[in-house]
Amino acid sequence: MDEIRVQHDDFDAGREIARLRGTNPRIGAIASFIGVVRDVNEGDSVAALALEHYPGMTEKALAKIVAEARSRWNVIDTLVIHRVGTLMPTEQIVLVVVTSAHRREAFAACEFLMDYLKTRAPFWKKECTPEGERWVEARASDDAAAARWREQA
Amino acid sequence: MGATHEALTSSTIIVTILYFARLRQSLGLAIERVELPAGAASVGALRDKLRARGGAWTEELASDRAVCIAVNQELAEPGVPLRDGDEVAFFPPVTGG
């Protein structure tokens, strides 16, 4: 099963994982990733993060990324939860969970989903710093991380 | 494309444009409708038309600025043609996750 959620509310990774695990005795491995708001970026302190997205396209882009992961690895479930709105340091931003029979598929697909989400899903971050608000710039290192998977395709 | 078909369609199309994140803020606009000549309507032509407005438009949509453009919620290259009723979105490179 694949599930994609874009929401303001926080999530409980333990509960989500337990729910997936309970659905299928073929699951032998579960990999997960949680992204969290840091209080420092580019050397400046960050008091809050505002996350916006493109409703409609976000869900479509994430569904395409999940479909691409499924074409590469034999996974059982995928779950992507991404929060939007105002988030404070230490708050959770994103959760990706992948279940599979064996660990290799789960690890690889989870990392792939995050690398592609960061470069292809229409989300944008704005930081609140002591100098004012600023839009976060895309990083070349994120593009490089996503490009690695194309070489392996 | 047959000449008969061309003759039956109107000579202009209207697309809805959405702006997100830094672009929405610096252009001071979230959504607008724009009329384009049907024969020359493409993603690249639309970007050129908007860039010609001057000021922040010229700066944000300059050819050396990284701007992503989606047509009907799919990323699109400059050569992609536009049709009446299309939803076109302009936004900076994404920074989620």
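Structure report, in brief.

The rules behind the values
- Residues numbered from 1 in each chain as written.
- Chains lettered and ligands numbered in written order.
- Predicted model: local features only at pLDDT ≥ 70, side-chain atom pairs only at ≥ 80, totals over all residues.
- Heavy atoms only, no water.
- Contact = heavy atoms within 4.5 Å.
- Buried area = accessible area lost by both parts, 1.4 Å probe.
- Salt bridge = Lys/Arg side-chain N within 4 Å of Asp/Glu carboxyl O.
- Polar contact = N/O pair within 3.5 Å; in protein donor to acceptor, adjacent residues only side chain to side chain.
- Buried < 20%, exposed > 50% of the residue type's maximum accessible area, 1.4 Å probe, protein only.
- Helix = DSSP H or I, 4+ residues; strand = E, 2+ residues; numbered from the N terminus.
- Arc of directions from axis to C-beta.
- Pairing = 2+ DSSP bridges.

1. Here's the deal with the interface of chain A and chain B
Thinking step 1. The partner chain B presents 20 residues to the 27 residues of chain A that form the contact.
Thinking step 2. When chain A packs against chain B, close to 1900 Å² is buried across both sides, 55% of that on carbon and sulfur atoms.
Thinking step 3. Between chain A and chain B we count two salt bridges in total.
Thinking step 4. Its salt-bridge partner being Glu-52 of chain A, residue Arg-24 of chain B comes within 2.8 Å of it at the nearest N-O pair.
Thinking step 5. Inspection of the chain A/chain B interface yields 15 residue pairs in polar contact (both at pLDDT 80 or more).

2. Some remarks on helix α1 (residues 13-21) of chain A
Residue and element names in this part refer to chain A.
Thinking step 1. Taken together, the buried positions of α1 are occupied by Ala-13, Glu-16 and Leu-20. Looking straight down α1, one finds that the buried residues subtend no more than 65° of arc, so they occupy a single side. In α1, those exposed residues whose orientation departs by more than 90 degrees from the buried face are Arg-15 and Arg-21.
Thinking step 2. Of the surrounding elements, those touching the buried residues of α1 are β1 (2-7), β2 (29-36), β6 (75-83) and β8 (92-100).
Thinking step 3. Taking the backbone nitrogen of Gly-14 as reference, a side-chain oxygen 3.1 Å away marks Asp-12 as the first, capping residue of α1.

3. Here we look at the side chain of Thr-58 of chain A
Residue and element names in this part refer to chain A.
Thinking step 1. Inspection of the secondary structure assignment puts Thr-58 in helix α2 (residues 57-72).
Thinking step 2. A relative accessible area of 0% means that Thr-58 is categorised as buried.
Thinking step 3. In terms of polar contacts, Thr-58 uses its side chain to reach the backbone carbonyl oxygen of Tyr-54, at 2.7 Å.
Thinking step 4. The contact partners of Thr-58, leaving out residues within four places of it in the chain, are Val-6, His-53, Pro-122 and Phe-123.

4. So, the environment of Asp-48 of chain B
Residues and elements named next belong to chain B.
Thinking step 1. Looking at where Asp-48 falls in the secondary structure, it is placed in helix α3 (residues 43-51).
Thinking step 2. With relative accessibility at 42%, the residue Asp-48 sits in the partly exposed group.
Thinking step 3. It is 16 Å that separates the C-alpha atoms of Asp-48 and Ile-14, two residues lying 34 residues apart in sequence.

5. Some remarks on the pairing of strand β5 (residues 87-91) of chain B
Residue and element names in this part refer to chain B.
Thinking step 1. Taking burial as the measure, the five residues of β5 include four buried ones, the bulk of the element.
Thinking step 2. Sheet topology places strand β1 (residues 12-19) next to β5; four bridges connect them, and they run parallel. By the bridge assignment, Leu-18 is partnered in β5 with Ala-89.
Thinking step 3. Both strand β3 (residues 68-71) and β5 contribute to a ladder of four bridges, which runs antiparallel. Bridged to Ala-70 within β5 is Ala-89.

6. With respect to the pattern of salt bridges
All names here are of chain A.
Thinking step 1. Under the criterion given, the structure shown has 21 salt bridges over all chains.
Thinking step 2. The closest approach of N and O atoms between Asp-2 and Arg-70, which form a salt bridge, is 2.9 Å. Linking Asp-2 in strand β1 with Arg-70 in helix α2, this pair joins segments that are 68 residues apart in sequence.
Thinking step 3. Assessed through its relative accessible area of 38%, Asp-2 is described here as partly exposed.
Thinking step 4. Judged by relative accessible area, Arg-70 falls into the partly exposed class, the value being 30%.
Thinking step 5. Residue Arg-148 is joined to Asp-115 by a salt bridge in which the shortest nitrogen-to-oxygen separation is 2.9 Å. Linking Arg-148 in helix α4 (residues 140-151) with Asp-115 in helix α3 (residues 103-120), this pair joins segments that are 33 residues apart in sequence.
Thinking step 6. Accessibility expressed as a relative area gives 33% for Arg-148, which makes it partly exposed.
Thinking step 7. Judged by its relative accessible area of 13%, Asp-115 falls in the buried class.
Thinking step 8. Three or more residues are tied together by salt bridges with common partners; here these are Glu-3, Arg-5, Glu-16 and Arg-19.

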